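Observations on the model geometry
Now for the letters of each chain:
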Amino acid sequence: MSIEAKPEGWDEAAMAGQGAWILPEAVFDGIWLRSGAALFVREGRVELRRLAETGPVWKSGGVLSPGFVDLQVNGGGGILFNNRPDADGVRAIAAAHRTTGTVAILPTLITDAPEVLVAAAEAVIATHGQGGIAGLHIEGPHISRARKGTHAQDHIRPLDDRTFQVIARLRQRGIPVMITLAPEAVKPGQVARLVASGVVVAIGHTDAPAAAVNALLAEGAQCFTHLFNAMSQMQGREPGCVGAAINSTAYASIICDGIHVAPEMIALALRARPVADRMYVVSDAMPTVAGPDRYRLYGQEIRLDHGRLVNADGALAGAHVTMLGSVAFLVQRIGLSLETALRMAISHPAKLMGLKALAAIEGRAVSDIILIDQSLSAMQFVAPGV
């Protein structure tokens, strides 16, 4: 990354009333990539402006952007949320992902015992708004056994009152909640009840036909979890969950590591959606991101093997990819424009969860702004010490 050194006193000026400037090669404003734009930083906040020669100017290579928003984070920094569903555990996971440029996460609890869900919710209640902890993603246990993936079969169960009670406690405190459900695990009207309480309902881990999937969309389900993975596939006479998702106007997340979904299938889905700007990136990250090369899931060791997280049988068991790596994959392997890829990693997930302030650069804390190398191989925070 070609970066000129910050002028002497730049940090102090940026945090004080007089302000300071950053002049990069381009700025991503949340929608567009703007060449020749500058950011004015004053009292720790940023404004997108035309450069005026008042105050110190930091000229840099690369692209300035808001940090990433990741709605599916199982772990990081050596910690799996299921194994550490407490305040310190979730803070450590968020801190690990911040080192990779992600400034907001939904810590994600996969299928587990009811008491683990209760503990995870209490952890998020205790830490919401701290260090980028933006809400909670409950992925299971209300899923299909046939499409459980690495989720523990013993804990899979229909949607029940205990989960409704946990969600109600979170929503009473204004905490954003996403829950991934399978049509097989819910009764008619339950999705509508969740949506009415402000929950974002995602469809995933399902073997259901398209008709059952469409029934949940009709009740208000807003998105799909990791498109193509752990869901019924498209066939000539049955669209399955994949076909229903692609044909819908709902949001759909996707893992862009080149392992979970073939590049050709990502490109196909992006071209085929009837409404633009409804696809978003998730890392589905496990503890190996910013952590050691192995971790334990349900008591079994999972190890990193040439970029793949596998169990003792060699089966996939989670993802090892950062949001920056996902953006690079979308640009370099799929051929998307950088601004389209950045929307998928920032703006779209933020808007889906009602976190509109995280979708744009204007007015943001300078501590949330990252500088991305033009090669998309590295990033740094503009004000790492803030």
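The structure we're discussing is the one just above.
Here we summarise the structure given alongside this text. Just so you know, these numbers come straight off a predicted model, no measurement behind them.

**Concerning the overall build of the protein chain**
Along its length, the protein chain carries 10 helices and 22 strands. A compact globule built from 386 residues should have a C-alpha radius of gyration of about 21 Å, and the protein chain, at 21 Å, falls within 12% of that. Reported as C-alpha extents along the three principal axes, the dimensions of the protein chain are approximately 60 × 45 × 40 Å. Counting only contacts in the protein chain whose residues sit at least 6 apart along the sequence, the fraction spanning at least 24 positions is 70%. In the form shown here, the protein chain has an accessible surface area of approximately 14,900 Å², with 50% of it arising from carbon and sulfur atoms. Across the protein chain, the mean location of the 33 positive side-chain charges is 5 Å away from that of the 35 negative side-chain charges.

**Considering helix α2 (residues 87-98)**
When the terminal C-alpha atoms of α2 are compared, their 17 Å separation across 12 residues agrees well with the 16 Å that a helix rising 1.5 Å per residue should span. When α2 is considered as a whole, its buried residues turn out to be G89, V90, I93, A94, A96 and H97. For α2, the angular spread of the buried residues around the axis is 160°, confining them to a single face. Summarising the contacts, the buried residues of α2 are in contact with β8 (68-73), β9 (75-76), β10 (79-80), β11 (102-110) and α3 (114-127).

**Some remarks on the sheet that holds strand β20 (residues 308-310)**
Spatially, the 3 strands line up as an open sheet ordered β18-β19-β20, and their pairing is antiparallel. Of all the strands in the sheet, the pair left with one neighbour each is β18 (294-297) and β20. Ignoring which end each strand starts from, the neighbouring axes of this sheet average 30° apart.

**Observations concerning the pattern of salt bridges**
Inspection of every chain in the model, using the stated rule, returns 16 salt bridges. The salt bridge involving E47 is made with R49; its shortest N-O contact spans 2.8 Å. A salt bridge links D368 to R364; the shortest N-O distance between them is 3.4 Å. For D368, a relative accessible area of 16% puts it in the buried group. Among the residues examined, R364 registers a relative accessible area of 5% and is labelled buried. One continuous salt-bridge network, built from bridges that share partners, spans R42, E47 and R49.

**Quick word on the packing of aromatic side chains**
Going through the model one piece at a time under the given rule, you end up with 3 aromatic pairs. Centre to centre, the rings of W10 and W58 are 5.4 Å apart; their planes meet at 70°, and the pair counts as edge-to-face. One end of the pair, W10, is in helix α1 (residues 10-15); the other, W58, is in strand β6 (residues 57-59), and 48 residues separate them in sequence. The burial state of W10 is the same as that of W58; both residues are buried. Here W21 and F40 contribute two aromatic rings whose centre-to-centre distance is 4.8 Å and whose plane-to-plane angle is 50°, an arrangement assigned as tilted. Taken together, the residues W21 in strand β1 (residues 20-23) and F40 in strand β4 (residues 38-42) connect sequence positions 19 residues apart. Over the ring of W32 we find R343, and its NZ or CZ is 4.8 Å from the ring centre.

**Remarks on the pairing of strand β13 (residues 177-181)**
The element β13 is extensively covered by neighbouring structure, given that 5 of its 5 residues are classed as buried. Relative to β13, strand β12 (residues 136-139) runs parallel, the two sharing 4 bridges. The residue bridging H137 from the neighbouring strand is M178, located in β13. In the classification by handedness, the crossover that spans β12, the intervening helix α4 (residues 161-172) and the parallel β13 is right-handed. For β13 and strand β14 (residues 200-203), the ladder comprises 4 bridges, and the chain directions are parallel. Bridge assignment links L181 to a residue of β14, and that residue is I203.

**A short note on the sheet that holds β8**
The 8 strands are arranged β8-β11-β12-β13-β14-β15-β16-β17 in an open sheet whose pairing can be described as parallel. Across the chains shown, the open sheet's two edge strands, defined by having one partner strand only, are β8 and β17 (279-282). Along the sheet, α4 contacts β12 and β13; its crossing angle with β13, the most-contacted strand, is approximately 160°.

**Structural notes on the packing of α3 against α4**
The description of two helices packed together rests on the angle between their axes and the distance between the axes. It is the contact of α3 with α4, at a shortest axis distance of 10 Å, that shows an interaxial angle of 5°. Between α3 and α4, the angle falls in the class roughly parallel. Taken together, the residues of α4 that come into contact with α3 (itself represented by P114, E115, L117, V118, A121, E122 and I125) are R162, T163, V166, R169 and L170. Here the contact of α3 with α4 is built from residues that sort into 7 nonpolar, 1 polar and 4 charged.

**Notes on the packing of α2 against α3**
Axis separation between α2 and α3 bottoms out at 8 Å; the angle between their running directions is 65°. For the element pair α2 / α3, the angle class is roughly perpendicular. With respect to the hand of their crossing, α2 and α3 are arranged in right-handed fashion. Contact residues: A87, V90 and R91 in α2; A123, A126 and T127 in α3.

Rules and cut-offs
Residues numbered from 1 in each chain as written. Predicted model: local features only at pLDDT ≥ 70, side-chain atom pairs only at ≥ 80, totals over all residues. Heavy atoms only, no water. Helix = DSSP H or I, 4+ residues; strand = E, 2+ residues; numbered from the N terminus. Rg over C-alpha atoms; globule rule 2.2 N^0.38 Å. Contact = heavy atoms within 4.5 Å. Areas by Shrake-Rupley, 256 points an atom, 1.4 Å probe, with all protein chains shown as cover. Lys, Arg positive; Asp, Glu negative; His and termini not counted. Charge placed at Lys NZ, Arg CZ, Asp CG, Glu CD. Expected span 1.5 Å × (residues − 1). Buried < 20%, exposed > 50% of the residue type's maximum accessible area, 1.4 Å probe, protein only. Arc of directions from axis to C-beta. Pairing = 2+ DSSP bridges. Axes fitted to C-alpha atoms, helices over the stretch in contact; angles between N-to-C directions. Salt bridge = Lys/Arg side-chain N within 4 Å of Asp/Glu carboxyl O. Phe/Tyr/Trp six-rings, centres within 6.5 Å; stacked < 30°, edge-to-face > 60°. Lys NZ or Arg CZ within 6 Å of the ring centre and 35° of its normal. Right-handed = clockwise from strand over helix to strand, strands pointing away. Parallel < 35°, antiparallel > 145°, perpendicular 65-115°, else oblique. Nonpolar A, V, L, I, M, F, W, Y, C, P; charged D, E, K, R; others polar. Left-handed = near helix turned anticlockwise from the far one by under 90°.

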